[in-house]
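Residue-level structure breakdown
What follows is each chain in one-letter form.
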Amino acid sequence: MRILVANVNTTTSMTDAIAQQARAVANPGTEIIPITPAFGAESIEGNYESYVAAVAVMETIRAYDGEFDAIIQAGYGEHGREGLQELFDVPVVDITEAAAATALFVGHRYSVVTTLDRAVPMIEDRLKLAGLSDRLASVHASGLAVLELERDPEAAIQAIVAKALHAVEVDRAEAICLGCGGMAGLTSRVVAQTGVPVIDGVSAAVKLAEGLVAQDLSTSKARMFSQPREKRFVNWPPAL
């Protein structure tokens, strides 16, 4: 089994960290193929950057010369999953939805701890669109920019733990989702300080993708995700 794991930003060290976490939970025989977009922002922290990233991920995977059985979109609250499902028959799993769906099996209500406050409404909207918001207790911002997660891991842990504890003690959350692909690998330390299940979206997405492939399930092409219609594109790709 071969799974493409697409970082949504262009920071290759983050791609490497995401791939490391994906490989740590993958079954023997599952090959993790990390993908970094060919263009885009170094971190995704808003709608404009997210829409650019969606196009970049789609076009980078379209240009990938190799076989694969599933795609993971490793960006929290990002756009683009539906476009990937139109383009490809294989299962496409988004880490936002994978984490939340997994949380529903280990607790009644869950909260998300993410990076900057501006990401909060994007994540809330994504979970509502996916039909996963009914048992969402809260979404909290740690106040850390995406790239700060790599620069100062200890400060990141403390900020994430503080918000996770608030979610558990005040919002009555019973599970915590780590709301950024760059938080991959932090689960055990957050569990130790909160005492509740903590879900990393990359890990959850890998296990869901493996399960879908094992069941020989593919993306339905009946209506919503049917292949894009053949038509002429003007000035595409754009000269940037």
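The structure we're discussing is the one just above.
Here is what the cut-offs are and how they apply
Residues numbered from 1 in each chain as written. Predicted model: local features only at pLDDT ≥ 70, side-chain atom pairs only at ≥ 80, totals over all residues. Heavy atoms only, no water. Helix = DSSP H or I, 4+ residues; strand = E, 2+ residues; numbered from the N terminus. Contact = heavy atoms within 4.5 Å. Buried < 20%, exposed > 50% of the residue type's maximum accessible area, 1.4 Å probe, protein only. Polar contact = N/O pair within 3.5 Å; in protein donor to acceptor, adjacent residues only side chain to side chain. Core = buried A, V, L, I, M, F, W, Y, C linked by side-chain atoms within 4.5 Å. Axes fitted to C-alpha atoms, helices over the stretch in contact; angles between N-to-C directions. Parallel < 35°, antiparallel > 145°, perpendicular 65-115°, else oblique. Nonpolar A, V, L, I, M, F, W, Y, C, P; charged D, E, K, R; others polar.

1. As for the environment of Val 191
- With respect to the helices and strands, Val 191 occurs in helix H8 (residues 187-194).
- Each C-alpha atom, one on Val 191 and one on Ile 176, is 8.9 Å from the other, the two residues being 15 residues apart in sequence.
- Among all residues touching Val 191, those that are not within four sequence positions of it are Val 196 and Val 198.

2. As for the environment of Ser 138
- When you line up the elements, Ser 138 lands in strand E6 (residues 136-141).
- Ser 138 sits in the buried class, given a relative accessible area of 11%.
- Between the C-alpha atoms of Ser 138 and Glu 124, which are 14 residues apart in sequence, the distance is 8.7 Å.
- Leaving out residues up to four positions away in the same chain, Ser 138 has contacts with Tyr 110, Ser 111, Val 112, Ala 167 and Asp 171.
- One polar contact links Ser 138 to Ser 111, side chain to side chain, over a distance of 2.6 Å.

3. Quick word on the nonpolar core
- Counting 57 residues, the largest nonpolar core has Ile 72, Tyr 110, Val 112 and Ile 176 as its most contacted members.
- With 8 residues, the top contributor of residues to this core is helix H7 (residues 153-169).
- If you look at the next biggest cluster of nonpolar residues, it comprises 17 residues, including Ile 44, Ala 53, Ile 71 and Val 92.

4. Section: the pairing of strand E3 (residues 70-74)
- Counted residue by residue, E3 has 5 buried out of 5 residues, so it is predominantly covered.
- Of the two faces of E3, the one holding Ala 70, Ile 72 and Ala 74 and the one holding Ile 71 and Gln 73 are both buried throughout.

5. Observations concerning the packing of helix H4 (residues 95-103) against helix H9 (residues 201-214)
- Where H4 contacts H9, the axes come no closer than 8 Å and their chain directions differ by 85°. Relative to H9, H4 is oriented roughly perpendicular. On H9, the residues that touch Ile 95, Ala 98, Ala 99 and Thr 102 of H4 are Gly 201, Val 202, Ala 204, Ala 205 and Leu 208.
- Here the contact of H4 with H9 is composed, by residue class, of 7 nonpolar, 2 polar and no charged.

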